[in-house]
Amino acid sequence: MNEEQLPNGYPHHLVMSFESQQGEEILIRPILPADAARLQELHSRLSPESIYRRFFAHRPILSDNEARKLATLDYRLSLALVAARQVEPDQLVGVARFAPSPERSQSVEMAIVVNDAYQGHGIGRRLFQELARAASELGQHWMLVETQSDNKPMIDLAERAGYTTNTVYQTTMYQIWLDLTSPRPVSL
Ligand SMILES: CC(C)(COP(=O)(O)OP(=O)(O)OC[C@H]1O[C@@H](n2cnc3c(N)ncnc32)[C@H](O)[C@@H]1OP(=O)(O)O)[C@@H](O)C(=O)NCCC(=O)NCCS
């Protein structure tokens, strides 16, 4: 990452790396405007099911305009963290983001997706935890996870992220509210 190209306010302290369950070094960093094309490339590798679970819609292609918007954030009210394998840093394997939620004050709504080929490697859990921590550090009280009620991996991530949760059950959707001010021990 070329430091000279970092936008104002880039939260450099959120750059980190960790080892996946498969023993691969994974880099996590806040998104950059230059990631727009990488988001499109990641999107092109997702299964239709993962796209549907992420966007609640069939969306075979991420347009230039959508990708640009998703990659250009203020890092305070809206933030995204991207993950890539250290051996291939230009190919994103996951992205997690939040943006303000209109439903409660001091709340954000999050979304996450991991390339199908790398799901189950522990990348989603780490992205989720770092995103929640960043939201909390930015003074947010609540983080909303909106998910289909049969999305077990997502529900598991949210319920075992280490925060008290409050779930609103709807017919096919769950709204899981994480209280970022109320950390609790995780039972793995
Ligand atoms: C939800 C998602 C982000 C999880 O990412 P991931 O990298 O696969 O997650 P992890 O490997 O960190 O696994 C997290 C937990 O999910 C559960 N899990 C993972 N894959 C699973 C599967 N296929 N079936 C059931 N549970 C599963 C496990 O309990 C796992 O816990 P563990 O850490 O104890 O093993 C990923 O499945 C995804 O991108 N799904 C499509 C998009 C989506 O559903 N987004 C959510 C709505 S915005």
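Computed from a prediction, not measured in an experiment: that's the story for all the values here. (Residues numbered from 1 in each chain as written. Predicted model: local features only at pLDDT ≥ 70, side-chain atom pairs only at ≥ 80, totals over all residues.)

(A) The arrangement of the overall build of the protein chain in detail. The secondary structure content of the protein chain amounts to five helices and eight strands. The C-alpha atoms of the protein chain give 16 Å as radius of gyration, which agrees with the globular expectation for 188 residues (16 Å, within 12%). Taken over the C-alpha atoms alone, the protein chain extends approximately 40 × 35 × 35 Å along its principal axes. (Helix = DSSP H or I, 4+ residues; strand = E, 2+ residues; numbered from the N terminus. Rg over C-alpha atoms; globule rule 2.2 N^0.38 Å.)

(B) Representation of the sheet that holds strand β2 (residues 25-30) in the model. Taken together, eight strands build an open sheet; the order of strands is β1-β2-β3-β4-β5-β6-β8-β7 and the sheet is mixed. Only two strands of the sheet have a single neighbouring strand rather than two, namely β1 (16-19) and β7 (163-169). Between one strand axis and the next, the sheet turns through 25° on average, direction left out of account. In this structure, β1 lies alongside β2, joined through four bridges in antiparallel fashion. Each bridged residue has a counterpart across the sheet, and for Phe18 the counterpart in β2 is Ile26. The sheet contacts of helix α4 (residues 123-137) involve β1, β2, β3 (79-85), β4 (92-100), β5 (107-114), β6 (142-148), β7 and β8 (173-183), and relative to β4 the element is tilted by about 30°. (Pairing = 2+ DSSP bridges. Axes fitted to C-alpha atoms, helices over the stretch in contact; angles between N-to-C directions. Contact = placed C-beta atoms within 7 Å.)

(C) Spotlight on the site of the ligand. Residues in contact with the ligand amount to 22 residues; listed here are only the nearest, Arg53, Gln119, Gly124, Arg125 and Pro153. Contributing elements (two or more residues each) for the shell around the ligand: α2 (48-55), β5, α4 and α5 (152-159). Counting residues per element, the shell around the ligand draws most heavily on α5, at five residues. For the shell around the ligand, the residue count by class is nine nonpolar, eight polar and five charged. (Near = placed C-beta within 6 Å. Nonpolar A, V, L, I, M, F, W, Y, C, P; charged D, E, K, R; others polar.)

(D) Examining unusual backbone geometry more closely. One non-glycine residue, Phe56, lies in the positive phi region at around 55°. Tracing the sequence through the fold places Phe56 in the loop between α2 and α3 (64-71). The partly exposed category is assigned to Phe56, around which 13 C-beta atoms lie within 10 Å. For Tyr75, which is not a glycine, the phi torsion comes out positive at approximately 70°. Note that Tyr75 resides in the loop between α3 and β3. For Tyr75, a count of 17 C-beta atoms within 10 Å translates into the label partly exposed. (Buried ≥ 20, exposed ≤ 12 C-beta atoms within 10 Å, placed from the backbone.)

(E) Inspection of the environment of Ala36 at higher detail. Among the structural elements, Ala36 can be located in helix α1 (residues 36-45). Separated by 31 residues in sequence, Ala36 and Ala67 place their C-alpha atoms 4.8 Å apart.

(F) Spatial organisation of the packing of α1 against α3. Their axes nearest at 8 Å, the elements α1 and α3 cross at an angle of 115°. Both α1 and α3 take part in a crossing whose hand is right-handed. Seen from α1, the contacting residues are Ala36, Leu39 and Gln40; seen from α3, they are Ala67, Arg68, Leu70 and Ala71. Each residue belonging to the contact of α1 with α3 can be placed in one class, and the counts come to five nonpolar, one polar and one charged. (Left-handed = near helix turned anticlockwise from the far one by under 90°.)

(G) Quick look at the nonpolar core. Formed by 47 residues in total, the largest nonpolar core has its most connected members in Leu131, Met143 and Leu178. Tallying contributions element by element places α4 first for this core, with seven residues. Non-local contacts of Leu178, meaning those with residues more than four positions away in its chain, are made with Ala132, Trp142, Met143, Val145, Ala158, Ala161, Tyr163 and Thr165. (Core = buried A, V, L, I, M, F, W, Y, C linked by C-beta atoms within 7 Å.)

(H) Just α4, in detail. Taking 1.5 Å of rise per residue, 15 residues should cover 21 Å, and α4 covers 21 Å from first to last C-alpha, within 8% of that figure. Restricting attention to buried positions, one finds in α4 the residues Ile123, Gly124, Arg126, Leu127, Phe128, Leu131, Ala132, Ala134 and Ala135. Following α4 by one or two positions, Gly139 adopts a phi angle in the positive range, close to 90°. (Expected span 1.5 Å × (residues − 1).)

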